[in-house]
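So the chains spell out like this:
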Amino acid sequence: MGKWKRSQAIEKLVALLNTLDRWIDETPPVDQPSRFGNKAYRTWYAKLDQEAENLVATVVPPHLAAAVPEVAVYLKESVGNATRIDYGTGHEAAFAAFLCCLCKIGVLRVDDQIAIVFKVFNRYLEVMRKLQKTYRMEPAGSQGVWGLDDFQFLPFIWGSSQLIDHPYLEPRHFVDEKAVNENHRDYMFLECILFITEMKTGPFAEHSNQLWNISAVPSWSKVNQGLVRMYKAECLEKFPVIQHFKFGSLLPIHPVTSG
């Protein structure tokens, strides 16, 4: 997805995600009666639970070590729920919070911003897809056919902004199998579409109605603006999503004063 300067912090974050990926290989699914929610996920998660602070300490320099426990909480929250064996946009938001905290303490800098999305977040997505597939995770709080996607939201926002002013790919092309197959490696949005079509059967308009409607929007900038509004309304302002969100010293919450 393009070439750019990669800082040490970016390299270390990718290495951290590679470790999570390797642990999936080391924790194969177990035989169980129910098709979904493979219990081996809990074994995989227990390892992350135990190692999260050590992993974060590989990314955060020693003089900022005091921030590690707080930042590690967001990493643990970003991979799904071990009790329900589910994953959804609230977990994805925790990974965005994890990255945000690393920006706030100065580990990630402004010149890292493109690599944050296309190297780190993209690698995170690959690992989450592997988790979802391997352990047959349930969608958390999915609106079913009315949601954008069972599991993710942010890559559609960043993916649509990546396609603004594209010389020939228009929103209508993402429901065209040929266009997706030829271009998905370079574009985050199309990679998301490919994953949906691999995971779901039947006509696209039926299993992903919201996205089907979006494909009729004339420009990527309009798609992008609409998705940002939708993300605020459907994720950030929804109590079932945000009730689990952790606040601390890096991401504080300021209660509304009644008056």
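Since the structure is predicted, the reported quantities are computational estimates derived from the model, not experimental observations.

### Some points on the overall build of the protein chain
Tallying secondary structure elements over the protein chain gives twelve helices and two strands in all. Reading the protein chain from its N end, one meets helices and strands in the order α-α-α-β-α-α-β-α-α-α-α-α-α-α. For the protein chain, the C-alpha radius of gyration of 19 Å lies close to 18 Å, the compact-globule estimate for 259 residues. For the protein chain, the spread of C-alpha atoms along the principal axes amounts to about 50 × 50 × 50 Å. A buried classification covers 47% of the 259 residues belonging to the protein chain. Counted over contacts in the protein chain with a minimum sequence separation of 6, partners at least 24 positions apart contribute 72%. Per element, the accessible surface of the protein chain, about 13,400 Å² overall, is 54% carbon and sulfur. A distance of 2 Å separates the average location of the 28 positive side-chain charges in the protein chain from that of its 29 negative side-chain charges.

### Thoughts on the nonpolar core
If you look at the biggest cluster of nonpolar residues, it comprises 81 residues, and the most contacted ones within it are Trp44, Phe98, Leu102 and Leu227. Lining this core are residues from two domains, each supplying at least three of them: domain 1 (8–139) and domain 2 (144–242). When sequence neighbours within four positions are dropped, the list of residues in contact with Leu227 reads Leu148, Phe153, Phe156, Ile157, Ser160, Phe189 and Ile214.

### So, the domain arrangement of the protein chain
Domain parsing of the protein chain yields domain 1 (8–139) and domain 2 (144–242). Domain 1 puts 19 residues into the contact, and the matching count from domain 2 is 17 residues. Between domain 1 and domain 2, the buried area comes to about 1,600 Å², and carbon and sulfur atoms account for 70% of it. The interface formed by domain 1 and domain 2 includes one salt bridge. Scanning the region where domain 1 abuts domain 2 turns up five residue pairs in polar contact (both at pLDDT 80 or more). Those elements giving two or more residues to the side of domain 1 that touches domain 2 turn out to be helix H4 (89–104), helix H5 (113–134) and strand E2 (138–139). In terms of residues, the side of domain 1 that touches domain 2 owes the most to one element, H5, which gives nine residues.

### Here we look at the side chain of Thr89
Within the fold, Thr89 resides in helix H4. Among the residues examined, Thr89 registers a relative accessible area of 15% and is labelled buried. Aside from chain neighbours lying at most four places away, what touches Thr89 is Phe151, Gln152, Phe153, Cys235 and Val241.

### Some thoughts on unusual backbone geometry
Non-glycine residue Ile85 carries a positive phi angle of around 50 degrees. Note on placement: Ile85 falls in the loop between helix H3 (68–77) and strand E1 (86–87). Unlike most non-glycine residues, Arg136 shows phi in positive territory, near 45 degrees. Positionally, Arg136 belongs in the loop between H5 and E2. The exposure class assigned to Arg136 is partly exposed, which follows from its relative accessible area of 30%.

### Some points on the environment of Gln8
Mapped onto the secondary structure, Gln8 falls in helix H1 (residues 8–26). Sequence separation between Gln8 and Thr201 is 193 residues; the distance between their C-alpha atoms is 41 Å.

### Considerations on the side chain of Ser215
Counting through the fold element by element, Ser215 comes out in the loop between helix H10 (209–214) and helix H11 (220–236). For Ser215, a relative accessible area of 9% puts it in the buried group. Polar side-chain contacts of Ser215 include one of 2.6 Å to the backbone oxygen of Trp212. Beyond its immediate sequence surroundings of up to four residues, Ser215 is in contact with Pro171, Arg172, Phe174 and Val175.

### Quick look at the state of the cysteines
On inspection of all chains with the given rule, the structure shows zero disulfides. We note that Cys192 lacks a disulfide partner, and the nearest cysteine sulfur, in Cys235, lies 13 Å from it.

### Some points on the packing of aromatic side chains
A full pass over the atoms with the stated rule returns 16 aromatic pairs. Geometrically, the ring pair formed by Phe189 and Trp220 is edge-to-face, given 5.1 Å between the ring centres and 70 degrees between the ring planes. Taken together, the residues Phe189 in helix H8 (residues 188–199) and Trp220 in helix H11 connect sequence positions 31 residues apart. By relative accessible area, which is 5% here, Trp220 ends up buried. Here the aromatic cluster, defined as three or more aromatic residues joined through ring pairs, consists of Phe95, Phe98, Phe121, Tyr124 and Trp158.

Calculation notes
- Residues numbered from 1 in each chain as written.
- Predicted model: local features only at pLDDT ≥ 70, side-chain atom pairs only at ≥ 80, totals over all residues.
- Heavy atoms only, no water.
- Helix = DSSP H or I, 4+ residues; strand = E, 2+ residues; numbered from the N terminus.
- Rg over C-alpha atoms; globule rule 2.2 N^0.38 Å.
- Buried < 20%, exposed > 50% of the residue type's maximum accessible area, 1.4 Å probe, protein only.
- Contact = heavy atoms within 4.5 Å.
- Areas by Shrake-Rupley, 256 points an atom, 1.4 Å probe, with all protein chains shown as cover.
- Lys, Arg positive; Asp, Glu negative; His and termini not counted.
- Charge placed at Lys NZ, Arg CZ, Asp CG, Glu CD.
- Core = buried A, V, L, I, M, F, W, Y, C linked by side-chain atoms within 4.5 Å.
- Domains from an automatic or database assignment.
- Buried area = accessible area lost by both parts, 1.4 Å probe.
- Salt bridge = Lys/Arg side-chain N within 4 Å of Asp/Glu carboxyl O.
- Polar contact = N/O pair within 3.5 Å; in protein donor to acceptor, adjacent residues only side chain to side chain.
- Disulfide = S-S within 2.5 Å.
- Phe/Tyr/Trp six-rings, centres within 6.5 Å; stacked < 30°, edge-to-face > 60°.

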